Every structure is written in structure tokens, then in C-alpha cells.
Amino acid sequence: MTDFTMQKDADGVAIVTWDVPGKSMNVLSLDGAAELNALIDDALADEAVKGIVITSGKKDFAAGMDLNVIASMKEGGAQSVFDGVMTLHHLLRKIELAGMDPKTKKGGKPIAAALPGTALGIGLELPLATHRIFAADNPKARIGLPEIMVGIFPGAGGTTRLVRRLGAMGAAPFLLEGKLSDPAKAKGAGLIDEVAADPVAAAREWVLKASDTDLVKPWDAKGYKMPGGEPYHPAGYMTFVGASAMVHGKTLGVYPAAKALLSAVYEGAMVPFDTALKIEARWFTNVLMNPSSTAMIRSLFINKEALEKGANRPDAPDQSVKKVGILGAGMMGAGIAHVSAMAGIEVVLIDSAQEAAERGKAHSAGLLDKAISRRKATEEKKAEVLARITPTTDYAALQGCDLVVEAVFEDPSVKAEVTKKAEAVLPAEAIFATNTSTLPISELAKASARPDQFIGIHFFSPVDKMALVEIIKGKETGPRAVAKALDFVRQIRKTPIVVNDARFFYANRCIIPYINEGIRMVAEGVSPVLVENAAKMMGMPLGPLQLVDETSIDLGVKIARATRAAMGDAYPDGAVDEVIFKLAEQGRLGRKAKAGFYDYDEAGKRQGFWSGLASDWPEADAQPELTEIQHRLMFVQALEAVRALEQGVLEDIREGDVGAILGWGFAPWSGGPFSWLDMLGAPRVVEIADALEAKFGPRFAAPQLLRDMATKGDSFYGRFGAGKKAA
Ligand code: NAI
């Protein structure tokens with residue numbers, strides 16, 4: 001396989017083209033790096049070559065390092081990671097110094113990068129090592145260093161070079177938040193040097209006239225001072241102290257990559273460039289050897305992508321959706337209509353009144369207007385998307401739809417009625433999906449004349465933002481319906497998980513106990529501040545009390561009533577109801593009512609806790625240990641995920657982990673509940689669960705599966721990993 005090729009032109013420019021065979025995007029492997037190394041050696045040694053342009057044979061430059069390679073590098077241990085990273089440093093440093101005399105800094109060959117499109121991760125770190133970066137004037141291109149999003153940081157010199165180029169403050173949003181920019185913005189921020197209509201031509205022209213001084217990086221020149229100041233410079237001092245506090249405030253110590261990145265920047269800023277690269281490599285190795293980065297890469301990159309590509313898709317011909325019917329143009333229906341139309345699918349949006357259907361379409365117009373104001377869409381795009389949505393009350397308009405998604409009121413009889421009305425006009429092969437959040441799919445399917453074509457497609461709110469879609473198989477759902485749902489989810493560019501039918505499916509089944517545990521603690525007299533902070537210090541994006549305010553307390557009341565009716569005397573959550581029913585009675589329905597567990601100002605901004613909490617549920621004199629609160633909040637979710645697996649609701653732990661992070665924000669640093677339990681190890685998990693059960697009751701009972709794993713020394717990924725089915 002040849003990832004890099006070189007063409008030497010008559011005018012002395014060597015064009016190195018990166019074009020990994022069989023992939024739509026370039027990614028760097030260690031073999032690829034060795035090829036590039038050999039080509040650079042060749043070009044530097046060849047007297048006929050005056051300069052080098054590195055570009056791509058694809059529409060984009062590169063998506064980054066091959067994360068599968070990173071995952072496998074780890075298997076050789078810390079030394080092998082460090083050695084691998086140092087190999088990349090040597091290559092990039094060779095490009096940067098370009099054969100110049102080490103003392104006089106003269107005689108090097110100019111090397112430029114020409115980026116036709118997106119350049120991410122090592123796809124930007126490599127250009128940063130060249131002497132000038134040209135990017136095509138392509139507003140769709142994304143340029144940046146997103147490594148932090150999967151629990152690592154730019155470790156091929158990107159961290160050290162960007163900080164020396166922009167200063168610690170200037171580099172912070174790109175390194176710490178993984179901010180991506182289009183070429184114009186990237187140039188404005190100093191990430192790249194030029195935007196050109198034809199970047200290869202511009203780069204070629206530049207290398208032919210570049211002088212010796214053009215090749216010397218500021219940090220290799222005498223008297224270099226870091227922009228914004230080094231750590232012991234008065235201004236730099238402020239930046240570093242502030243950054244350290246800010247990172248800790250945002251991550252609360254649970255994201256090892258952010259802290260390691262800061263250490264690499266701080267320590268690196270005080271030593272010469274080559275030493276800084278070595279320090280960067282050490283911290284990068286440290287992060288890579290941390291189980292959090294392994295778990296994050298596995299869930300948020302490798303497995304997420306595998307699920308999106310149909311890892312659990314039944315074998316069936318292409319089921320891409322051309323025309324979708326959406327029943328109910330409320331909050332969910334309007335959102336589903338919008339994402340479908342954005343994906344180029346024709347939409348028939350039905351509600352019982354024309355006005356309601358129009359309002360649903362207006363939701364899409366509103367989102368597009370917002371995107372236009374942020375320069376993320378154009379008026380033409382808006383017109384094009386809106387033209388695909390037909391709002392109506394007429395079921396006859398469903399003719400020709402190959403998929404229907406029902407999002408009417410959460411009432412079985414209303415759902416049954418619309419199912420029948422739709423099936424009367426739909427083509428025989430159309431698939432009917434329900435977006436119910438609580439009703440069993442197999443029950444709703446009874447209203448259908450073709451239950452094998454009936455399925456659950458459960459979206460999360462707000463539909464345009466939430467990445468997860470839960471696909472639920474009823475008892476009679478057939479494989480083509482599953483394939484259809486998966487193909488639809490792929491079209492609208494979301495991430496699917498496929499689960500079996502059971503109360504609350506998967507995501508809600510785990511998130512409701514989390515919320516309830518937080519509320520239960522308030523009833524017990526645990527400080528609400530302690531509850532919320534304990535959750536956030538475990539990496540939950542929202543504490544349970546803030547979360548219930550967001551999702552609304554009346555929804556909690558509704559679910560509690562329905563669950564109590566279904567479970568009778570076995571209903572375990574009386575203590576929770578005592579709190580939420582009381583709040584609901586006082587109209588404290590959560591954020592939408594500007595009153596819930598928290599107070600809100602007129603504009604809806606969250607303030608402190610409602611003072612009534614302290615009077616109705618006074619804080620106990622003795623407060624529990626932080627760890628105990630954290631164990632309760634995390635185990636109540638994770639054990640539920642294990643039960644879902646044990647009972648066959650979940651069929652694949654990859655879906656359990658990816659779904660947990662994308663669906664309800666389960667501590668992303670952990671890689672999801674199964675990854676987290678694997679980090680703790682089954683014996684320790686059982687020990688903690690036993691202690692919690694003894695103190696707080698049977699909701700913490702360790703499932704038999706975990707006990708078996710503890711006895712056998714198994715882990716979830718050892719036993720069920722890489723697509724091995726749970727069954
Ligand atoms: P909503 O009340 O905002 O919208 C329901 C819409 O259905 C209304 O516009 C109503 O006029 C329309 N409708 C009612 N009966 C109809 C009929 N016979 N024919 C045509 N249209 C009819 O409710 P929302 O929140 O959009 O929920 C819809 C469904 O989605 C429910 O099943 C709900 O459980 C589910 N869901 C809700 C989520 C949420 O966060 N709100 C999340 C996931 C699922």
C-alpha cells in the first residue's frame with residue numbers, strides 16, 4: 001500500500017501527495033509516516049529539488065491519526081507509545097529544519113502544505129511543521145485539533161508548536177476545547193497562513209521564491225519570546241494561573257487529558273523547543289496509558305463509528321428513505337421533520353389542525369434562521385429545506401411514503417387511531433415507526449395490520465441537537481424494519497442503538513433512577529449542593545436535580561403515576577414522589593415554569609436552590625461522605641445498564657456505552673457504564689454494590705452476571721467486546 005507519492009516537476013518542486021488507498025479520508029498510520037519520511041529524505045537529498053509541497057489527492061487533507069493505530073500502539077506498553085511518538089517528532093522536525101545548517105540556519109529547502117479541505121489532528125500537526133500553510137477557500141473545510149474530544153491531546157508536536165505560534169492564551173480554545181474553524185477563520189486566528197483559490201499553485205509559487213529567513217521558525221530564531229509571555233513572565237503568569245483554574249473548573253479533575261495537556265504546555269514553555277517536544281511526548285504517553293483515553297477512543301470513536309456504519313444492521317437491501325410521513329407536528333414531530341428535510345428527504349408533516357402542522361414547519365424555519373444568523377446556512381438552503389416539508393391534515397398525502405414516524409400524544413388510543421389511518425393509505429411495504437418514550441412497542445404494534453413492519457424509533461429532545469436515536473424492536477418487528485430504521489438514522493447523521501422492547505427501553509431506564517436517586521437524597525436530608533457537585537465531580541454534565549428541572553417535573557410526576565399504576569405494591573419510589581408531587585402542586589414544574597428545584601430569573605437563567613427545599617426537607621446535621629453519594633449516583637445507573645444487558649434489552653455493550661454517553665451524558669471520560677465497571681473490575685463492583693444494597697436497599701443488588709464475572713475474573717469487554725453478542 002502506498003499512502004504517499006512524490007512527483008518531481010521540471011521547475012524543481014517536489015509535490016508529495018497523500019492519498020490513502022481505499023479510504024475516503026486520509027488518516028496517518030505508522031507505515032504511512034515511514035513512507036513520508038523516505039520521500040522527504042529523497043527530496044532533501046536531491047539537488048534538482050528546490051522545494052516541496054505536501055498536499056492530498058482527496059477532497060480533504062486528512063482526518064488525523066488512525067485511532068485504531070493509537071489503540072494498538074498502547075498494547076506494546078508505555079515505551080512503545082513513547083518511541084512511536086518520538087518517531088513522528090523526528091519526522092516533523094526534519095520537515096521543519098528542512099536540511100538547513102544548524103548554526104547558520106541557511107540552505108534549507110522550503111516546504112509548504114496545501115490543504116484542499118478539512119485538516120484535523122495530525123492533518124494539521126504536519127502542516128504546522130512546514131514553513132507555510134495554504135488552504136483552499138472552502139468554507140466547508142474544518143481545520144483544527146479535536147484530539148481532546150476523545151480523551152487525548154495533540155501529541156505530534158501540535159501542542160508545542162501551536163502554543164509557540166499563538167501563545168498559551170491564543171492556543172487555548174484549539175487545544176483545550178478542540179475548536180474547529182473554516183479556512184478563513186483559521187487564517188484569522190493564525191492557525192494557517194494563507195487562503196487561496198488553488199492552494200497547490202500558491203504553495204508552489206511560494207516555495208520557488210522563499211528565502212532562507214522564510215524557513216526559520218520563530219522558536220528556532222535567536223531571541224524568540226513566546227506570544228503572551230512564558231510562565232514566569234508577569235503576563236504569562238496570569239495566563240497560566242487562570243488556565244489552570246479554568247481547566248479544573250470545567251473538568252473537575254476527571255479528564256486526565258486536559259490536565260496533562262496543560263502540564264505539557266507549562267513545562268514545555270520553560271525549556272528549548274526540542275526538549276519541549278520530548279515533554280509533550282511523555283505527557284502524551286501518560287494520557288494514552290490512562291484507561292480513560294482507551295475507553296473514550298473505543299466508545300466515542302471506534303464503536304460510535306461502527307454503530308453508525310451499521311454494525312448491527314440485519315442483512316437487507318438498501319432501505320434509504322425517500323419520503324417520510326410524520327404524524328404529530330409538536331415538539332418532537334417538528335424536530336424529526338427538520339432533521340429529515342435537512343438530510344434531503346421529502347417530508348409530509350401531519351397534525352390534526354392545519355395550523356398545528358404549519359407551526360411544526362415554522363420550527364424548521366426558525367432553526368434555519370438561527371443557522372443563517374450564525375453563517376452556518378444560507379437563504380437558498382433554507383428555501384430548499386422548507387420546500388421539502390409539506391404541512392397538512394390530510395392522511396392521503398402519506399401516499400408514496402416509505403417510512404412513517406408517529407409522534408402524536410403519548411396515549412395508546414390516539415396512537416392506535418393514527419396507525420390505522422396511516423396504514424390505510426401507505427404502500428404495502430412502508431415501515432411504521434413510533435417515537436413513544438414510555439409505551440411498549442409490542443402493545444402499540446397491535447393496532448397495526450403488519451406488526452413485522454412496526455418498530456420504535458425513539459428520538460431525544462431537542463431532536464436537532466441530540467445525537468442518539470434508540471431503535472426498539474417489538475416482539476414481531478422484522479429485520480427489514482430494523483434495517484429501514486438504521487438506514488434512516490444514517491441518512492439524518494445520527495448514532496443508532498438497537499434494543500429490545502422493555503419498560504423505558506434503555507436510556508430512560510438508566511437515567512430515571514439517576515434522577516430519582518438525587519431526589520431521594522434531598523428527601524433524606526442530604527445537601528442538594530453536595531448531590532449536584534458529587535455528580536459533576538464524577539463527570540456527569542448535569543446534576544440530577546438540574547436534569548429533572550430541565551426535563552420538567554410534571555413529566556416526572558406523569559411517569560411516576562404510570563409506573564405506580566403498572567407496578568402496584570412493588571413500586572419502590574414513594575420517597576421520590578413525596579418530593580416531586582409537592583413541587584408540582586406548587587407549580588414548580590422546572591425550568592419551563594422558571595421554578596423547580598432551582599430558582600430562575602425572569603429570563604429563565606438558573607439561580608440558586610429554591611429556599612423551600614431547605615424548609616421542607618431540612619439538611620441533616622451529619623452529611624454523608626462524597627464517595628458514598630457518588631457511588632449511589634453512578635451505580636444506580638450502571639447497575640441498571642447491566643440489568644438491561646442481562647435481560648437481553650441490550651444486545652451489545654458497545655451500544656450500551658455509546659448510547660449512555662450520547663443519550664444522557666453518562667460521564668464521557670469513563671467511556672460509558674460498561675467501560676467504567678471494567679475499570680473498577682467486577683470483584684470491586686460487587687463489593688461496592690453489596691455495601692450499597694445493605695445500606696440503601698435492593699435497587700443496588702448486584703446482578704448475577706456481575707457475580708459470575710467477579711468469580712471468573714471476567715470483564716465486560718473481555719466477555720462481550722467487539723460485537724460479541726450478549727446472548
Ligand atoms: P407534543 O404535545 O408537543 O406534540 C404532539 C402533537 O401531536 C401535537 O401537535 C398534537 O396536535 C398532535 N396530535 C395529537 N393527536 C393527533 C392526531 N390524532 N393526529 C395528528 N396529530 C395529532 O408532544 P411531544 O413532546 O412532541 O411528544 C410526542 C411523542 O414523542 C410522544 O409519544 C412522546 O412520548 C414522545 N417523545 C417525547 C419526548 C420529549 O422529550 N418530549 C422525547 C422522546 C419521545
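Here goes a summary of the coordinates provided.

What counts as what
Residues numbered from 1 in each chain as written. Predicted model: local features only at pLDDT ≥ 70, side-chain atom pairs only at ≥ 80, totals over all residues. Heavy atoms only, no water. Helix = DSSP H or I, 4+ residues; strand = E, 2+ residues; numbered from the N terminus. Rg over C-alpha atoms; globule rule 2.2 N^0.38 Å. Buried < 20%, exposed > 50% of the residue type's maximum accessible area, 1.4 Å probe, protein only. Contact = heavy atoms within 4.5 Å. Areas by Shrake-Rupley, 256 points an atom, 1.4 Å probe, with all protein chains shown as cover. Lys, Arg positive; Asp, Glu negative; His and termini not counted. Charge placed at Lys NZ, Arg CZ, Asp CG, Glu CD. Phe/Tyr/Trp six-rings, centres within 6.5 Å; stacked < 30°, edge-to-face > 60°. Lys NZ or Arg CZ within 6 Å of the ring centre and 35° of its normal. Patch = residues over 30% accessible without salt bridge, like charges linked within 9 Å, V, L, I, M, F, W, Y side chains within 5 Å. Salt bridge = Lys/Arg side-chain N within 4 Å of Asp/Glu carboxyl O. Near = heavy atom within 4 Å. Polar contact = N/O pair within 3.5 Å; in protein donor to acceptor, adjacent residues only side chain to side chain. Nonpolar A, V, L, I, M, F, W, Y, C, P; charged D, E, K, R; others polar. Axes fitted to C-alpha atoms, helices over the stretch in contact; angles between N-to-C directions. Parallel < 35°, antiparallel > 145°, perpendicular 65-115°, else oblique. Left-handed = near helix turned anticlockwise from the far one by under 90°.

### Here's the deal with the overall build of the chain
Along its length, the chain carries 30 helices and 21 strands. Computed over C-alpha atoms, the radius of gyration of the chain comes to 28 Å, within 12% of the 27 Å expected from 2.2 N^0.38 for 727 residues, which places it in the range of a compact globule. Burial statistics for the chain: of 727 residues in total, 55% are counted as buried. Pairs at least 24 residues apart make up 72% of the contacts formed inside the chain by residues separated by at least 6 positions. Within the structure as shown, the chain displays about 30100 Å² of accessible surface, and the carbon and sulfur contribution to it stands at 55%. Looking at charge distribution, the chain has the averaged site of its 83 positive side-chain charges lying 2 Å from that of its 90 negative ones.

### Concerning the packing of aromatic side chains
In total, this model carries 15 aromatic pairs according to the counting rule given. Ring geometry for Trp219 against Phe273: centres 5.6 Å apart, planes inclined by 15°, an arrangement best described as stacked. Of the two residues, Trp219 is situated in the loop between helix 8 (212–215) and helix 9 (234–251) and Phe273 in helix 11 (residues 273–288); the sequence distance between them amounts to 54 residues. Measuring from centroid to centroid gives 5.6 Å for Tyr506 and Trp664, while their planes differ by 65°, and the two rings are edge-to-face. With Tyr506 in the loop between strand 19 (495–500) and helix 19 (507–524) and Trp664 in helix 26 (residues 653–664), the pair connects residues that are 158 residues apart, well separated along the chain. With respect to burial, Tyr506 and Trp664 carry one shared label: buried. Grouped by ring-pair contacts, the aromatic residues Tyr506, Phe635, Trp664, Phe666 and Trp676 constitute a single cluster. Cation over ring: Arg606 sits above Tyr598, and NZ or CZ is 4.9 Å from the ring centre.

### A few points about a positive patch on the surface
Judged by side-chain charge, Arg142, Lys370, Arg374, Lys376 and Lys465 come together as a positively charged surface patch. Assessed through its relative accessible area of 68%, Lys376 is described here as exposed.

### Re the site of the ligand
Residues in contact with the ligand amount to 21 residues; listed here are only the nearest, Met332, Asp351, Glu410, Lys415 and Ser437. Here Gly330 contributes a backbone N or O atom positioned 3.4 Å from an oxygen atom of the ligand. When the ligand sits alone it has 830 Å² of accessible area, and the protein chains cover 78% of it. Broken down by secondary-structure element, the contributors of at least two residues to the shell around the ligand are helix 13 (331–342), helix 16 (412–425) and strand 17 (454–459). For the shell around the ligand, the per-class residue count stands at 10 nonpolar, eight polar and three charged.

### Quick look at the pattern of salt bridges
This structure, assessed with the given rule, holds 44 salt bridges. A salt bridge links Lys592 to Asp554, with the nearest nitrogen and oxygen atoms 2.9 Å apart. On the criterion of sequence distance, the pair formed by Lys592 in the loop between helix 23 (574–585) and strand 20 (598–600) and Asp554 in helix 22 (residues 553–567) is long-range, its members being 38 residues apart. A salt bridge links Asp714 to Arg719; the shortest N-O distance between them is 3.1 Å. Note on Asp714: relative accessible area 27%, which makes it partly exposed. What makes Arg719 partly exposed here is its relative accessible area of 27%. Each member of the salt-bridge network shares a partner with another, and the members are Arg93, Glu96, Arg161, Lys217, Asp220 and Asp274.

### Examining the packing of helix 19 against helix 25 (residues 626–646)
Each pair of packed helices can be summarised by the angle the axes make with each other and by the distance between the axes. Here helix 19 crosses helix 25 at 150°, and the two axes come no closer than 9 Å. As the angle between them shows, helix 19 and helix 25 are arranged roughly antiparallel. Helix 19 and helix 25 meet at a crossing whose hand is right-handed. Counted together, Arg509, Cys510, Pro513, Tyr514, Glu517, Gly518, Arg520, Met521 and Glu524 of helix 19 and Ile629, Arg632, Leu633, Val636, Gln637, Glu640, Ala641, Arg643 and Ala644 of helix 25 form the full contact between these two elements. Of the residues belonging to the contact of helix 19 with helix 25, the class tally is nine nonpolar, two polar and seven charged.

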